Amino acid sequence: MTEVSTNRNDSNPIPMRALLIGARRKQSQLLDLATKLVVAESPSDDKAAVDACIDLAVEHARTLDAITQVKVKRHRQRAWGDVLELRFGAFNSRSRSTEKTKTLVLGHLDTVWPLCTLKQMPCRISPDPNGDDRFWGPGTLDMKTGVAMAFTAIELLAEASLLDVSTGREIILLLNSEEEVGSPISRPITEELAHECSAVYVLEPAQGVAYKTSRKGVSNWRLTVEGLAAHAGVDFTLGRSAILELARQIEKVSAFTDLKRGTTVNVGVIGGGSKSNVIPAEAWAEIDVRFARRADGPRIEKRFAALKATPNSGCTVRLDGGINRPPMERTRGTMALFRRAQALAGQLDWELTEAGTGGGSDGNFTSALGVPTLDGMGAVGEGAHAMHESVLVEHIAPRTALLAAMLAR
């Protein structure tokens, strides 16, 4: 057990350098836990596999029961993996102040990788071409190392007596099971818990080495065009080409892109038709839209809803979809959290920076509720969702120490 000397009445209860020493001592066991989670492959669409990974997280949480109060709640699901809610600290204290003393830490244990990916991407620690040690494997960066970092940060605080009843502090660690596919069942759980908390910390990978203070919102659409089939040689003029009309619609929606406002429209997948000698009766496209401002969401929805078939095309247009995640805007509350983190990192002569990203996370949901949310607090590395996915080992201990310090303040 790592000892961290502290006075819980001190306004800065855990010196950063002491936390860093503790995190370095625990780095080996942190990587052991991360390895167990990675080896337990957990593609979002495989409930049994995700639940097996959740089992490992429950098992590890139980080991912390000797040093802090732990409450395990498993939100059972049918179609998707279970959602795991873990509470640490003063969750059953009767002497709480009216001030919110809870912090929500958000993570997920599902990955984009199918079962047996480990055969092509073995989980291992080895140097990259630059000689830097990396932790390789599917889900290492996004985001099982981040989950292991959270457990270790909580353990550091518990050993320092900063999670007992007298502190009134409570940490909720929520591990979702289907974040990679849009959080269809975990979103209401995330939002309900966020309402209890004064801050939300998200364990997604860093942007380079920076914390994330903003994310774009995401909407997804499927545009379907119906025309009229006909023989391309015999009855060409009788046909109504759904593919031709889809091409016109693609031109229209692509023009919705407004780079100055941070709005992008990407038609990523298209399909339609049957044979080259048949006028196509149906065609479709899947469209990804990103937007930086919450106010732009309804505007974008109106523009898509107003889409109509070109006059005299003889086709009809149908649209399905909508906003999946609101944007995580750079709010005052989020910036207050970032400045606090920046000051703590400065105690280690570490210049923490901020960044925005076009990708979405569960932090988008909590930020939209008005709860200060800081993202990108997980591992540093490269290759999320790619074959070279890996974590830079040298950053694990400092970022775990910083996460612990943020949870302690």
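Check the entry above for the structure.
If you're wondering where the values come from, they're calculated on a predicted model, not measured in any experiment. (Residues numbered from 1 in each chain as written. Predicted model: local features only at pLDDT ≥ 70, side-chain atom pairs only at ≥ 80, totals over all residues. Heavy atoms only, no water.)

Is there a simple way to explain the side chain of lysine 212 in this structure?
Within the secondary structure, lysine 212 is located in strand β8 (residues 211–215). Although lysine 212 is buried, it forms no salt bridge, and the closest oppositely charged side chain is aspartate 375 at an N-O distance of 5.3 Å. There is a polar contact of 2.9 Å between the side chain of lysine 212 and the backbone oxygen of proline 205. Leave out the neighbours within four places in its chain, and lysine 212 touches Pro205, Ala206, Gln207, Met328, Ala355, Thr357, Leu374, Asp375 and Gly376. (Helix = DSSP H or I, 4+ residues; strand = E, 2+ residues; numbered from the N terminus. Buried < 20%, exposed > 50% of the residue type's maximum accessible area, 1.4 Å probe, protein only. Lys, Arg positive; Asp, Glu negative; His and termini not counted. Salt bridge = Lys/Arg side-chain N within 4 Å of Asp/Glu carboxyl O. Polar contact = N/O pair within 3.5 Å; in protein donor to acceptor, adjacent residues only side chain to side chain. Contact = heavy atoms within 4.5 Å.)

Sorry if this is basic, but what is going on with the sheet that holds strand β17 (residues 381–382) here?
Hydrogen bonds along the backbone pair up the strands of a sheet, which may run parallel or antiparallel. Read across the open sheet, the four strands follow the order β4-β5-β18-β17; overall the sheet is antiparallel. Of all strands in the sheet, those bounded by a partner on one side alone are β4 (124–127) and β17. Strands β5 (133–136), β17 and β18 (390–392) of the sheet are contacted by helix α4 (residues 140–159), whose axis makes an angle of about 55 degrees with β18. (Pairing = 2+ DSSP bridges. Axes fitted to C-alpha atoms, helices over the stretch in contact; angles between N-to-C directions.)

When you look at unusual backbone geometry in this model, what are you seeing that I'm missing?
The general pattern is negative phi for most residues beyond glycine and trans for most peptide bonds. Of note, the amide linkage connecting aspartate 142 to methionine 143 takes the cis form, showing an omega dihedral of 0 degrees. As for its position among the elements, methionine 143 is in helix α4. Although it is not a glycine, cysteine 116 adopts a positive phi angle of roughly 75 degrees. Inspection of the secondary structure assignment puts cysteine 116 in the loop between β3 (102–108) and β4. Phi is positive for serine 183, which is not a glycine, with a value near 55 degrees. Structurally, serine 183 can be placed in the loop between β6 (170–176) and α5 (187–194).

Help me understand the pattern of salt bridges, please; the structure alone is not making it clear to me.
Once their charged atoms are close, side chains differing in charge can pair, the charge on each being opposite to the other. Considering all chains together, one arrives at 26 salt bridges under this definition. Of the charged contacts, one joins glutamate 159 and lysine 26 as a salt bridge, the two residues approaching to 3.0 Å between their closest N and O atoms. You can see glutamate 159 sitting in helix α4 and its partner lysine 26 sitting in the loop between α1 (16–25) and α2 (27–39), a full 133 residues away along the chain. Comparing glutamate 159 with lysine 26, the two get one shared label, buried. Among the ionic pairs, arginine 74 bridges to aspartate 82, the shortest N-O distance being 2.9 Å. Given the relative accessible area of 2%, aspartate 82 is considered buried. Overlapping salt bridges, with partners in common, bring together Lys47, Asp51, Asp55, Arg74, Arg76 and Asp82 in one network.

Sorry, what's going on with the packing of aromatic side chains here?
Two measures describe an aromatic ring pair: the distance that separates the ring centres and the angle between the ring planes. The tally for this structure, following the rule as stated, stands at two aromatic pairs. A centroid spacing of 4.6 Å and a plane angle of 5 degrees characterise the contact between tryptophan 221 and phenylalanine 304, whose relative ring orientation is stacked. Here the residue tryptophan 221 occupies a position in strand β9 (residues 217–226), and phenylalanine 304 occupies one in helix α7 (residues 296–305), the gap between them amounting to 83 residues. By the burial criterion, tryptophan 221 is buried, and phenylalanine 304 matches it. Where phenylalanine 256 meets phenylalanine 304, the ring centres are 5.3 Å apart and the plane angle is 80 degrees; that geometry is what we call edge-to-face. Taken together, the residues phenylalanine 256 in the loop between α6 (242–254) and β11 (264–272) and phenylalanine 304 in helix α7 connect sequence positions 48 residues apart. When its relative accessible area of 1% is taken as the criterion, phenylalanine 304 is described as buried. An aromatic cluster of at least three residues, connected via ring pairs, comprises Trp221, Phe256 and Phe304. Over the ring of tryptophan 284 we find arginine 222; its NZ or CZ atom is 4.2 Å from the centre of that ring. (Phe/Tyr/Trp six-rings, centres within 6.5 Å; stacked < 30°, edge-to-face > 60°. Lys NZ or Arg CZ within 6 Å of the ring centre and 35° of its normal.)

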